[in-house]
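Observations on the model geometry
What follows is each chain in one-letter form.
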Amino acid sequence: MSQVLPATIPAKLFHERADAIADAARDLAQRGWTPATSSNFSMRVDAAHAAITVSGRDKGKLGRNDIMLVDMDGKAVGTDARPSAETELHTQAYRRWPEVNAVLHTHSRTQSVASRLFAKHGVIRLEGWELQKAIRGHATHESVLDIPVFPNTQHMPELVARVDAWIDAGKPLHAYLINGHGIYTWGHDMAEARRHLEALEFLLGCELDLKRLNA
Ligand SMILES: [Zn+2]
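Residue numbers run consecutively from 1 along every chain, following the written order of its sequence. Totals for whole chains, interfaces and linings use every residue, but because this is a predicted model, local features are given only for residues with pLDDT of at least 70 and side-chain atom pairs only at 80 or more, for both listing and counting. Hydrogen atoms and water are omitted, and side-chain values are computed over all heavy atoms in the structure.

Going by the annotation in an unreviewed UniProt entry, the name recorded for the protein chain is Methylthioribulose-1-phosphate dehydratase, with Dyella jejuensis given as the source organism. UniProt positions are given in the numbering used here, feature names are shortened, and annotations may be inferred rather than shown by experiment. Turning to the protein chain, the UniProt record has this under Catalytic activity (unreviewed entry): "5-(methylsulfanyl)-D-ribulose 1-phosphate = 5-methylsulfanyl-2,3-dioxopentyl phosphate + H2O". Looking at the Sequence similarities (unreviewed entry) heading of the UniProt record, one finds this comment for the protein chain: "Belongs to the aldolase class II family. MtnB subfamily."

**Some words on the coordination of the zinc ion**
Each metal site lists N, O and S donors within 2.8 Å (3.2 Å for Na, K and Ca). With water left out of the atoms, a site can look as if it is missing ligands. The protein atoms that coordinate the zinc ion are Glu86 (OE), His105 (NE2), His107 (NE2) and His181 (NE2), at distances of 2.1 to 2.4 Å. Geometry is assigned from the angles between donors: four donors with all angles from 85 to 135 degrees make a tetrahedral site, four or six donors whose opposite pairs exceed 155 degrees while the rest stay between 65 and 115 make square planar or octahedral sites respectively, and everything else is labelled irregular. Note that the zinc ion binds four donor atoms; their angles at the metal cover 89 to 154°, and the shape is irregular. Mapped onto the polypeptide sequence, the residues donating to the zinc ion form the spacing pattern E-x18-H-x1-H-x73-H. Of this pair, Glu86 sits in the loop between strand 3 (67-71) and helix 2 (87-96) while His105 sits in strand 4 (residues 102-106); the two residues are 19 residues apart in sequence, bridging distant segments of the chain. Helix and strand labels come from DSSP, where a helix needs a run of H or I of at least four residues and a strand needs a run of E of at least two; each type is numbered from the N terminus.

**Some remarks on the side chain of Thr91**
Within the element layout of this structure, Thr91 appears in helix 2. Of note is the side chain of Thr91, whose polar atom sits 3.4 Å from the backbone oxygen of Met72. Working rule for contacts: check all heavy atoms of both residues, and any pair within 4.5 Å makes them a contact. When neighbours within four sequence positions are excluded, Thr91 is seen to be in contact with Val70, Asp71, Met72, Asp73 and Gly74. Any N or O atom pair separated by 3.5 Å or less is treated as a polar contact, with the protein-specific requirement of one donor-capable and one acceptor-capable atom, and with residues adjacent in sequence counted only for side-chain atom pairs.

**Topic: the UniProt feature "binding site: Zn(2+)" (unreviewed entry) in the protein chain**
As recorded in UniProt, the feature "binding site: Zn(2+)" (unreviewed entry) lies at His105 and His107. Since its relative accessible area comes to 0%, His105 is described here as buried. Aside from chain neighbours lying at most four places away, what touches His105 is Ser39, Asn40, Phe41, Glu86, His90, His181, Gly182, Ile183 and Tyr184. Among residues more than four places away in sequence, those in contact with His107 are Trp33, Pro35, Ser38, Ser39, Ser112, His181 and Gly182. Exposure categories follow from relative accessible area, calculated using a 1.4 Å probe and restricted to protein chains: below 20% of the type maximum is buried, above 50% is exposed, and the middle band is partly exposed.

**A look at the packing of helix 3 (residues 109-118) against helix 5 (residues 190-212)**
Viewed as axis vectors pointing N to C, helix 3 and helix 5 meet at an angle of 55°, and their least axial separation amounts to 9 Å. The orientation of helix 3 relative to helix 5 falls into the category oblique. In this structure, the crossing between helix 3 and helix 5 has a hand that is left-handed. Contact residues: helix 3 offers Thr110, Gln111, Val113, Ala114, Leu117 and Phe118, while helix 5 offers Leu197, Glu201, Leu204, Gly205, Glu207, Leu208 and Lys211. Its residues assigned to classes, the contact of helix 3 with helix 5 comprises seven nonpolar, three polar and three charged. A fitted line through C-alpha atoms serves as each axis, taken over the contacting stretch for helices, and the angle formed by two N-to-C directions is quoted from 0 to 180°. Each angle gets one of four labels, with under 35 degrees taken as roughly parallel, over 145 as roughly antiparallel, 65 to 115 as roughly perpendicular, and the rest as oblique. Should the near helix be turned anticlockwise from the far one by less than a right angle, the crossing is termed left-handed; should it be turned clockwise, right-handed. Three classes are used: nonpolar for Ala, Val, Leu, Ile, Met, Phe, Trp, Tyr, Cys and Pro, charged for Asp, Glu, Lys and Arg, and polar for all others, with Gly counted as polar.

Below is the structure:
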């Protein structure tokens, strides 16, 4: 695959983004959060473009050639590679929040089980956990953090519409789960997106443990 960049995007900038995505992906794969080539990762490159993982690649072995450019409608730019089927959920985050520069989507066992368990409520309410402070804007464990659980579908416009509806209702959104599928979260930079993902994985694991213990 060869990636031809628009004249407005320096190769150095695209390579920096591609390397940051590949680094994050390898690390998350090592933790077992990206089984069987699932999951996808992206970063904003400029106001009109994002770099995202090519569909179907082993996330533990990503290099620069496994990252491609898309526009903010999720269409490939300068390559015939195929972006992830869920690219529209990434570009939606960049369109909705100009300050967001990295989006991570994984399929860990904890995320998958939690999504099934809480799907009937449509939301997981996190409160009383110190680690909620890892989420942007949450200064205390006394804050309430609602993570919606949306029904799974292979029809991306349906999911995009559900996410839009949540945001348009004025409800804070730092992450969402998709039932039986996985989690999406994001950040102002890759470090923040990774912090959010790690914190949420931990918090969902704690909620599952409480259920197991009937606490
Ligand atoms: Zn997925």
